[in-house]
Amino acid sequence: MANAERAQPVLTARKAGLVGCAECGHVHPKGTPTCSVCGSGLASRDSASLQRVWAWLIAGMVIYIPANVYPMLRTTTFGATQESTIVGGVIDLVDHGSIGVALIVFVASVIIPVSKFIAIAYLALRVQRGKPGTSTHFHLYEFVEFIGRWSMIDVFVVAILSALVQLNFVASINPGIAAVSFALSVAFTMISANSFDPRLIWDAPEGNPV
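Residues numbered from 1 in each chain as written. Predicted model: local features only at pLDDT ≥ 70, side-chain atom pairs only at ≥ 80, totals over all residues. Heavy atoms only, no water.

K.L.:
Describe in detail the overall build of the protein, supporting the description with residues and values.
P.N.:
When you go through the protein residue by residue, the secondary structure sums to seven helices and five strands. When the helices and strands of the protein are read in sequence order from the N terminus, they spell out β-β-α-β-β-α-α-α-α-β-α-α. With 210 residues in all, the protein has 36% of them scored as buried. Of all intrachain contacts in the protein linking residues separated by at least 6 positions in sequence, the fraction that spans at least 24 positions is 66%. Total accessible area on the protein stands at roughly 12,100 Å², and carbon and sulfur atoms take up 67% of it. (Helix = DSSP H or I, 4+ residues; strand = E, 2+ residues; numbered from the N terminus. Buried < 20%, exposed > 50% of the residue type's maximum accessible area, 1.4 Å probe, protein only. Contact = heavy atoms within 4.5 Å. Areas by Shrake-Rupley, 256 points an atom, 1.4 Å probe, with all protein chains shown as cover.)

Here it is in structure tokens:
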């Protein structure tokens, strides 16, 4: 609309002369060294946040490669061993008619991890380039932080099958090297998301250094 008003700029705590505790959320006047509620040190922004975000994110992306290349599961039946990668396991589930389970595994093991890589990198790049942040970007960060734990579904399935199916020569299931790589990739990505200081999103339009 021609007469639509422009969105009002976000009033951050820094602009208002306040600083919030990252541990308990209590707000103090700017310059207060420690929180009066929990005793934690107060800092308006974590200046080393982006360095940790990129370090953990790159580590998670690198180790995600062997998680998809090497076998996630080793199934031995009457002495014959069959190895399955993540995508191979999804294909096998579809072939056996378990389309619902295959969809869950594919989303949790492929879609969610890759989406997290893209989302975290996108937010970090926006902050570095000083582009304006909105509530949408903050909600994206909250979603990435929340959804991270569900990426472990594939690892949980492998762990449960390995514990239940151990019938010696008849049948046995053991995790492959990809299970360890995938678990580490998920853990590194979760640490990367937790290392991101979401307050930097609001600082971008102010032109503050990051």
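That shown, we press on.
K.L.:
Just give me the short version of the side chain of Ser181, but keep the residues and values in it.
P.N.:
As for its placement among the helices and strands, Ser181 is situated in helix α6 (residues 177–195). Residues contacting Ser181, with those up to four places away along its chain left out, are Ile63, Pro66 and Ala67.

K.L.:
An account of the environment of Gln51 is needed here, citing residue identities and associated values.
P.N.:
Assignment of secondary structure puts Gln51 in helix α1 (residues 49–69). With 141 residues separating them along the chain, Gln51 and Ser192 place their C-alpha atoms 9.7 Å apart.

K.L.:
Lay out a nonpolar patch on the surface with the relevant residues and their values.
P.N.:
A grouping of Ile65, Val69, Tyr70 and Ile177 is seen on the molecular surface, where their side chains present a nonpolar patch of about 410 Å² in accessible area. Along the chain, Ile65 falls in helix α1. (Patch = residues over 30% accessible without salt bridge, like charges linked within 9 Å, V, L, I, M, F, W, Y side chains within 5 Å. Salt bridge = Lys/Arg side-chain N within 4 Å of Asp/Glu carboxyl O.)

K.L.:
A description of the packing of helix α3 (residues 99–128) against helix α4 (residues 135–147) should follow, citing residues and the corresponding values.
P.N.:
Packed helix pairs are specified by the crossing angle of their axes together with the interaxial distance, meaning the distance between the axes. Close contact between α3 and α4 brings their axes to 10 Å; oriented N to C, the two are set at 145 degrees. Judged by the twist between their axes, the crossing of α3 over α4 is left-handed. Along its contact with α3, which presents Ile112, Lys116, Ala119, Ile120, Tyr122, Leu123 and Arg126, the element α4 presents His137, Leu140, Tyr141, Val144 and Ile147. (Axes fitted to C-alpha atoms, helices over the stretch in contact; angles between N-to-C directions. Left-handed = near helix turned anticlockwise from the far one by under 90°.)

K.L.:
Lay out the packing of α1 against α3 with the relevant residues and their values.
P.N.:
Running from amino to carboxyl end, α1 crosses α3 at an angle of 150 degrees, the nearest separation of the two axes being 11 Å. When the axis of α1 is compared with that of α3, the two are roughly antiparallel. Once α1 is placed against α3, the crossing between them reads as left-handed. On α3, the residues that touch Leu50, Val53, Trp54, Leu57, Gly60, Met61 and Tyr64 of α1 are Ser109, Val110, Pro113, Val114, Phe117, Ile120, Ala121, Ala124, Leu125, Val127 and Gln128. Of the residues assigned to the contact of α1 with α3, the class counts are 15 nonpolar, three polar and no charged. (Parallel < 35°, antiparallel > 145°, perpendicular 65-115°, else oblique. Nonpolar A, V, L, I, M, F, W, Y, C, P; charged D, E, K, R; others polar.)

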